[in-house]
Amino acid sequence: MHVTTVPPAAARERLAAVPAGTAVGVAVDRGLLGLAVGGELLRVPGGATVLPGTAARLVWWTAAGTATPLVAEGLRARSCWDLGAVHRL
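Let us look at the structure shown here.

What counts and what doesn't
Residues numbered from 1 in each chain as written. Predicted model: local features only at pLDDT ≥ 70, side-chain atom pairs only at ≥ 80, totals over all residues. Heavy atoms only, no water. Helix = DSSP H or I, 4+ residues; strand = E, 2+ residues; numbered from the N terminus. Buried < 20%, exposed > 50% of the residue type's maximum accessible area, 1.4 Å probe, protein only. Contact = heavy atoms within 4.5 Å. Pairing = 2+ DSSP bridges. Axes fitted to C-alpha atoms, helices over the stretch in contact; angles between N-to-C directions. Salt bridge = Lys/Arg side-chain N within 4 Å of Asp/Glu carboxyl O.

### A look at unusual backbone geometry
At arginine 30, a residue that is not glycine, the phi angle is positive and equals roughly 45 degrees. For arginine 30, the position within the fold is in the loop between strand E2 (23–29) and strand E3 (32–37).

Below you can see the structure in the form of structure tokens.
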């Protein structure tokens, strides 16, 4: 699958088109935000700045590796799935 680097404004626009509750994969690495949105893989400089206001359900591997740096940048997710927590169920 091809990864496309997009500016934060384009990523915000893409996320605005995602229906509420739709799963969007999220990853963070070296100041870049990775998003898996409807079959697209997006690499976005700027971290959490593109996520506020999205109604999508954010999905990450572990809260420690992904959510912690995003929350430190000010993200308050409306809904999320933490795949690392599934083993506790």
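### Section: the environment of leucine 35
As for its placement among the helices and strands, leucine 35 is situated in strand E3. Given a relative accessible area of 3%, leucine 35 falls into the buried group. For the pair leucine 35 and alanine 11, spaced 24 residues apart in sequence, the C-alpha to C-alpha distance is 8.7 Å. Ignoring sequence-local partners within four residues, the contact set of leucine 35 consists of Ala11, Leu15, Val24, Gly25, Val26, Glu40, Leu41, Leu42, Val44, Val50 and Leu51.

### Some details on the sheet that holds strand E4 (residues 40–45)
Spatial strand order, E1-E4-E3-E2-E5-E6: six strands in an open sheet with mixed pairing. Each of the sheet's edge strands pairs with one partner strand only, and the pair in question is strand E1 (3–5) and strand E6 (80–82). Geometrically, the sheet is characterised by an average inter-axis angle of 25 degrees between neighbouring strands, direction not taken into account. Note that strand E5 (residues 57–60) and E6 share three bridges and pair parallel. Looking at E6, one finds that valine 59 is bridged to tryptophan 81. In the packing of helix H2 (residues 63–72) onto the sheet, the strands contacted are E2, E3, E5 and E6, and the crossing angle to E2 comes to about 85 degrees.

### What to know about the side chain of threonine 66
Turning to its location among the elements, threonine 66 is positioned in helix H2. Classification of threonine 66 by relative accessible area gives buried; the value is 7%. When neighbours within four sequence positions are excluded, threonine 66 is seen to be in contact with Val26, Ala27, Val28 and Trp60.

### A closer look at the pattern of salt bridges
Overall, the coordinates contain two salt bridges when judged by the stated rule. The closest approach of N and O atoms between glutamate 40 and arginine 14, which form a salt bridge, is 2.5 Å. Of this pair, glutamate 40 sits in strand E4 while arginine 14 sits in helix H1 (residues 8–16), and the two are 26 residues apart along the sequence. For glutamate 40, a relative accessible area of 35% puts it in the partly exposed group. The shortest N-O distance in the salt bridge between aspartate 29 and arginine 30 comes to 3.1 Å.

Keep in mind these numbers describe shape, not what the thing actually does.
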